[in-house]
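Read off the chains here:
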Amino acid sequence: MSTTNQGSSAAPAPAVDEALPDLDTGRSGGRALRNNAATVLVWLAFLIALIPLVWILWIVVSKGWHSVASMTWWQKDQSGALPPGFDTNIRGARHAIVGTVEIGLITSLIAIPIAVMTAIYLVEYGRSGGRTNARIARVVSFMVDILSGIPSIVAALFVFAVWVTTLQQQLVPICVALALTMLMIPVVTRSTEEMLKLVPNELREASYALGVPKWKTVVRVVLPTAISGIITGALLGLARVLGETAPWLFLTTYFQYLTYNPAASAGIASLPTLIYNQSGNISSPISADRVWGGALTLILLVLAINLLGRLIGRLTRVKR
Amino acid sequence: MGKRIDVKDLNVFYGDFKAVEDVTMTIEPRSITAFIGPSGCGKSTFLRTLNRMHEVIPGGRVEGSVRLDDQDLYAPGVDAVGVRRTVGMVFQRPNPFPTMSIRDNVTAGLRLNGVKGKKLLEEKTEQSLRGANLWNEVKDRLGKPGAGLSGGQQQRLCIARAIAVEPQVLLMDEPCSALDPISTLAIEDLVTELKDRYTIVIVTHNMQQASRVSDKTAFFNLAATGKPGRLIEMNDTQKIFNNPEVSATEDYISGRFG
Ligand SMILES: Nc1ncnc2c1ncn2[C@@H]1O[C@H](COP(=O)(O)OP(=O)(O)OP(=O)(O)O)[C@@H](O)[C@H]1O
Ligand SMILES: [Mg+2]
């Protein structure tokens with residue numbers, strides 16, 4: 001007799017089948033209720049968390065899109081816009097975009113090598129390189145933890161103290177990059193560390209067993225295996241520090257004109273300081289456009305870097 | 001090719017834990033030696049001292065001497081990296097480099113040690129893959145990732161990678177334990193062929209395998225968990241399987257163990 005066939009329910013055999021559903025519904029009735037309640041709660045929490053996000057995006061996009069959508073925004077700086085209302089067609093932010101991207105690049109150039117090498121030391125040498133290395137690694141790891149807790153204003157203050165008070169130098173836009181570097185290093189170090197830990201030990205051993213020295217194993221076997229995650233993590237770290245404002249306010253002057261010179265003593269513009277600079281005058285339509293346009297551009301920039309990170313991650317991922 | 005290994009009074013430690021105690025044995029050149037024994041008795045640990053892979057593990061250290069022909073591997077001034085070029089190793093789980101193609105996997109040991117020349121590397125690729133009985137299966141897709149092969153093919157790729165650097169000795173730690181019977185037979189045939197050129201040491205839990213491929217068999221055991229493993233008996237494989245001198249060996253082989 002078939003045990004699964006519904007048509008045979010008239011036969012006397014399914015006595016057990018009848019006993020089971022009773023037992024089941026009795027139990028799963030309460031469980032199903034709790035399950036439904038929990039599902040509703042989770043969804044509710046999710047929607048509540050979504051509200052501010054959607055709200056922010058909605059306001060920024062609705063108020064900023066017409067600035068961002070015009071070519072002037074990307075092509076012109078703020079020259080000709082003084083005195084206020086002088087030329088209502090000029091709402092450019094090229095100077096701020098260039099400043100943000102340029103300082104971001106300099107920050108990456110300094111921070112990523114330091115962070116990746118720190119992570120290599122922590123994972124490849126600290127974990128298996130004898131007592132002294134293990135002790136140094138513990139101290140370094142602790143330092144990275146501390147560094148990741150430093151507020152951006154303190155990082156800026158530190159750069160100010162070293163650059164101006166101790167070295168007696170004039171502030172230049174590179175100082176901002178130095179402060180951002182301090183904020184970026186711990187983020188990238190941690191993400192790189194995680195990626196290196198994911199590389200199976202068997203690959204290192206396979207390489208050693210071929211008579212390949214340790215440093216070459218790290219460079220030619222471990223890094224290529226982890227590179228996709230390292231790049232993604234580095235770009236996420238960059239996206240994370242691009243929106244910082246305190247170092248810009250503290251270490252450079254908002255400069256209204258386009259400049260590519262990171263050592264210009266007149267200062268440099270950035271998207272966060274464009275927003276800050278114009279927000280005092282937000283009742284004027286030009287300034288309001290600049291504020292919301294700047295906010296939207298910053299969001300788009302960070303989004304683009306995030307997407308780029310994921311794309312590179314996907315392209316360089318180890319294929320099977 | 002193929003060198004003799006002389007181990008004398010070897011103790012192996014993980015930090016303060018002595019994992020293997022007082023091993024003395026001689027492994028003849030161009031022979032196959034099988035290590036058998038219960039799990040945890042230190043076969044892998046001992047095997048890894050023969051190419052100084054043991055010291056890669058934090059706290060790993062060794063007392064005693066291992067001689068390769070006339071050279072003491074643990075003498076001061078001997079470079080562990082150089083030792084590993086002479087004594088190759090194949091691991092329990094196939095571990096091809098995932099970022100490299102089949103071709104690059106085979107020549108990895110050469111390229112990473114600075115050997116250049118397209119022609120030479122190509123010859124080496126074919127020669128090693130033929131040596132590992134894999135050439136016919138992969139010759140049309142040498143540029144494809146090594147990790148895309150089947151488990152048995154991957155293991156033969158690892159063997160090709162190991163023999164491409166032309167070692168004198170080949171250590172294999174349970175090379176077939178992750179493979180099906182057909183792939184296992186393929187590897188056993190290969191090991192028997194490789195015997196003409198290399199000194200081979202193979203760890204196995206498979207008694208039939210030990211008796212099929214090896215000339216000599218070494219039985220390791222440990223008195224109790226937490227105690228160090230010891231070499232109980234080493235002799236011709238025929239003798240070990242038919243007429244062992246120590247009763248523990250017979251108990252283990254006939255399955256009356258523990
Ligand atoms: N990395 C390590 N650190 C500390 N102790 C270890 C380490 N690896 C192995 N040991 C210990 O050394 C002893 C021998 O282990 P080993 O792996 O050599 O056994 P084995 O004979 O190869 O066992 P199996 O047949 O299961 O592979 C065991 O007691 C084990 O717990
Ligand atoms: Mg083992």
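J.: I'm lost on the sheet that holds strand β8 (residues 199–203) of chain B in this one. Help?
T.: Neighbouring strands of a sheet are bound in pairs by backbone hydrogen bonds; such pairs are parallel or else antiparallel. Residue and element names in this part refer to chain B. Spatial ordering of the open sheet is given by β5-β4-β1-β2-β10-β9-β3-β8-β7-β6, a layout of 10 strands whose pairing is mixed. At either end of the open sheet lies a strand with only one pairing partner, and these are β5 (71–72) and β6 (87–90). The pairing of strand β1 (residues 5–14) with strand β2 (residues 17–27) spans seven bridges and is antiparallel. Pairing of Val7 across the sheet is with Met25, part of β2. Along the sheet, helix α7 (residues 151–164) contacts β6 and β7 (169–173); its crossing angle with β6, the most-contacted strand, is approximately 170 degrees.

J.: Sorry if this is basic, but what is going on with the domain arrangement of chain A here?
T.: Residue and element names in this part refer to chain A. Along its sequence, chain A is organised into domain 1 (25–69) and domain 2 (94–316). Spacing between the C-alpha centres of domain 1 and domain 2 amounts to 32 Å. Opposite the 10 residues of domain 1 that make contact, domain 2 presents eight residues. Buried surface at the junction of domain 1 and domain 2, summed over both partners, amounts to about 720 Å²; 80% is from carbon and sulfur atoms. For the domain 1 face of the interface with domain 2, the top three residues by lost area are Val60, Lys63 and Val68, together amounting to 55%. There are zero salt bridges connecting domain 1 and domain 2. Our enumeration of links across domain 1 and domain 2 arrives at two residue pairs in polar contact (both at pLDDT 80 or more).

J.: What am I meant to see in the site of ligand 1 here?
T.: All names here are of chain B. The immediate surroundings of ligand 1 are formed by 13 residues, with Ser39, Lys43, Ser44, Thr45 and His205 found nearest. In the model, a nitrogen atom of ligand 1 is placed 3.2 Å from a nitrogen or oxygen of the Tyr14 side chain. A distance of 3.2 Å separates an oxygen atom of ligand 1 from a polar atom in the side chain of Glu174. Computed on the free molecule, ligand 1 has an accessible area of 640 Å², of which 62% lies beneath the protein chains in the complex. Elements supplying a minimum of two residues to the shell around ligand 1: β2 and α1 (43–49). It is α1 that contributes the most residues to the shell around ligand 1, three residues altogether.

Cut-off values and rules
Residues numbered from 1 in each chain as written. Chains lettered and ligands numbered in written order. Predicted model: local features only at pLDDT ≥ 70, side-chain atom pairs only at ≥ 80, totals over all residues. Heavy atoms only, no water. Pairing = 2+ DSSP bridges. Helix = DSSP H or I, 4+ residues; strand = E, 2+ residues; numbered from the N terminus. Contact = heavy atoms within 4.5 Å. Axes fitted to C-alpha atoms, helices over the stretch in contact; angles between N-to-C directions. Domains from an automatic or database assignment. Buried area = accessible area lost by both parts, 1.4 Å probe. Salt bridge = Lys/Arg side-chain N within 4 Å of Asp/Glu carboxyl O. Polar contact = N/O pair within 3.5 Å; in protein donor to acceptor, adjacent residues only side chain to side chain. Near = heavy atom within 4 Å. Areas by Shrake-Rupley, 256 points an atom, 1.4 Å probe, with all protein chains shown as cover.

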